[in-house]
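Each chain, written out:
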Amino acid sequence: MRKKIHPEYSRKKFICSCGNICEVGSAYEKGSEIHINVCSACHPFYTGTKRHVDATGRVEKFRRKQELSKNRSAK
């Protein structure tokens, strides 16, 4: 390998929103911890369960808008 052109490879800690922590080698440069939304411990493909992961709150936002529109049309 040519020297001084490759990124530094180091151990990083991946932290999932489900609480699972995994330490992996990575060339990612920013920080020592990387936060992720889905990992193999909670992903439906690996667990065999159907579970909806709503990380951004879109479902609740949609339901609030529906309730507001129902209340306006009832008046």
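Up top is the structure.
Note that this is a predicted model, so its numbers are computed, not measured. (Residues numbered from 1 in each chain as written. Predicted model: local features only at pLDDT ≥ 70, side-chain atom pairs only at ≥ 80, totals over all residues. Heavy atoms only, no water.)

1. Some words on the sheet that holds strand S2 (residues 21-26)
In spatial order, the strands read S2-S1-S3; together these three strands make up an open sheet with mixed pairing. Each end of this open sheet is capped by a strand with a single partner; those strands are S2 and strand S3 (33-36). Averaged over all pairs of adjacent strands, the angle between strand axes in this sheet comes to 30 degrees, irrespective of strand direction. (Pairing = 2+ DSSP bridges. Helix = DSSP H or I, 4+ residues; strand = E, 2+ residues; numbered from the N terminus. Axes fitted to C-alpha atoms, helices over the stretch in contact; angles between N-to-C directions.)

2. Quick look at a positive patch on the surface
A contiguous patch of positive charge, built from Arg58, Lys61, Arg64 and Lys65, is present on the exposed surface. Structurally, the position occupied by lysine 65 is in helix H2 (residues 58-74). Note on lysine 65: relative accessible area 54%, which makes it exposed. (Patch = residues over 30% accessible without salt bridge, like charges linked within 9 Å, V, L, I, M, F, W, Y side chains within 5 Å. Areas by Shrake-Rupley, 256 points an atom, 1.4 Å probe, with all protein chains shown as cover. Salt bridge = Lys/Arg side-chain N within 4 Å of Asp/Glu carboxyl O. Lys, Arg positive; Asp, Glu negative; His and termini not counted. Charge placed at Lys NZ, Arg CZ, Asp CG, Glu CD. Buried < 20%, exposed > 50% of the residue type's maximum accessible area, 1.4 Å probe, protein only.)

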